[in-house]
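# Observations on the model geometry
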Amino acid sequence: MFIAPRMIPSFNAIWGVAKREEKKRLSAESLAILKVLRKEWEMATGDLRDESGVKDRKAFTRAIDDCRRR
C-alpha cells in the first residue's frame, strides 16, 4: 500500500502502535530499523540493513514485516 507523506500522521493514528508500547510489541531488530527510518525516510534496503545493524537477511525481513504488521 502506498500513501502520501501528508497522510502518514493520520494513518499512524488509526493503525499505528503508540510510541510508549513499541518496546513491548516490537523486536529489537524492528526497533533498530524504526530508529533509522525516523531519521531518514527513504533509503535503499542495503543501506537500511547497514545503518540498523541487522545484517542477517532473514532477521531483517522478519523485522521489516514486524514493523508493517504493528
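Throughout what follows, the structure given in this document is the object of discussion. Keep in mind that this is a model prediction, so the values were computed, not measured. The written sequence of each chain sets the order in which its residues are numbered from 1. At least 70 in pLDDT is required for a residue's local features to be given in this predicted model, at least 80 for side-chain atom pairs to be given and counted, and no such filter applies to totals for whole chains, interfaces and linings, which use all residues. The side-chain quantities take in all heavy atoms of the structure and omit both hydrogens and water.

### A look at helix α3 (residues 28–39)
A run of H or I in DSSP counts as a helix once it spans at least four residues, and a run of E counts as a strand once it spans at least two, with each numbered from the N terminus. What a helix should span is 1.5 Å times the count of its residues minus one. Compared with an ideal rise of 1.5 Å per residue, which puts 12 residues at 16 Å, α3 spans 17 Å between its outermost C-alpha atoms and is within 8% of the ideal. Burial in α3 covers these residues: Ser 30, Ile 33, Leu 34 and Val 36. Looking straight down α3, one finds that the buried residues subtend no more than 165 degrees of arc, so they occupy a single side. Exposed residues pointing more than 90 degrees away from the buried face of α3 are listed as Ala 28, Lys 35 and Lys 39. Residue contacts are counted whenever heavy atoms from the two residues lie within 4.5 Å of one another. Looking at the buried side of α3, the elements it contacts are α2 (22–25), α4 (45–52) and α5 (57–69). Think of it in three bands: residues with accessible area under 20% of the maximum for their type are buried, residues over 50% are exposed, and the middle band is partly exposed, with areas taken using a 1.4 Å probe on protein chains only. The arc in question is the one spanned by the directions pointing from the helix axis to the C-beta atoms.

### Some points on a nonpolar patch on the surface
Patches here: salt-bridge-free residues with over 30% relative accessible area, like charges joined within 9 Å, nonpolar side chains (Val, Leu, Ile, Met, Phe, Trp, Tyr) joined within 5 Å. Methods summary: accessible areas were calculated by the Shrake-Rupley approach with a probe of 1.4 Å, and residue burial reflects only the protein chains presented. Between Lys or Arg on one side and Asp or Glu on the other, a salt bridge is scored when a side-chain nitrogen of the former is within 4 Å of a carboxyl oxygen of the latter. Taken together, the side chains of Ile 3, Met 7 and Phe 11 make up a nonpolar region of the molecular surface, amounting to roughly 230 Å² of accessible area. Tracing the sequence through the fold places Met 7 in the segment before α1 (8–15). Judged by relative accessible area, which is 37%, Met 7 ranks as partly exposed.

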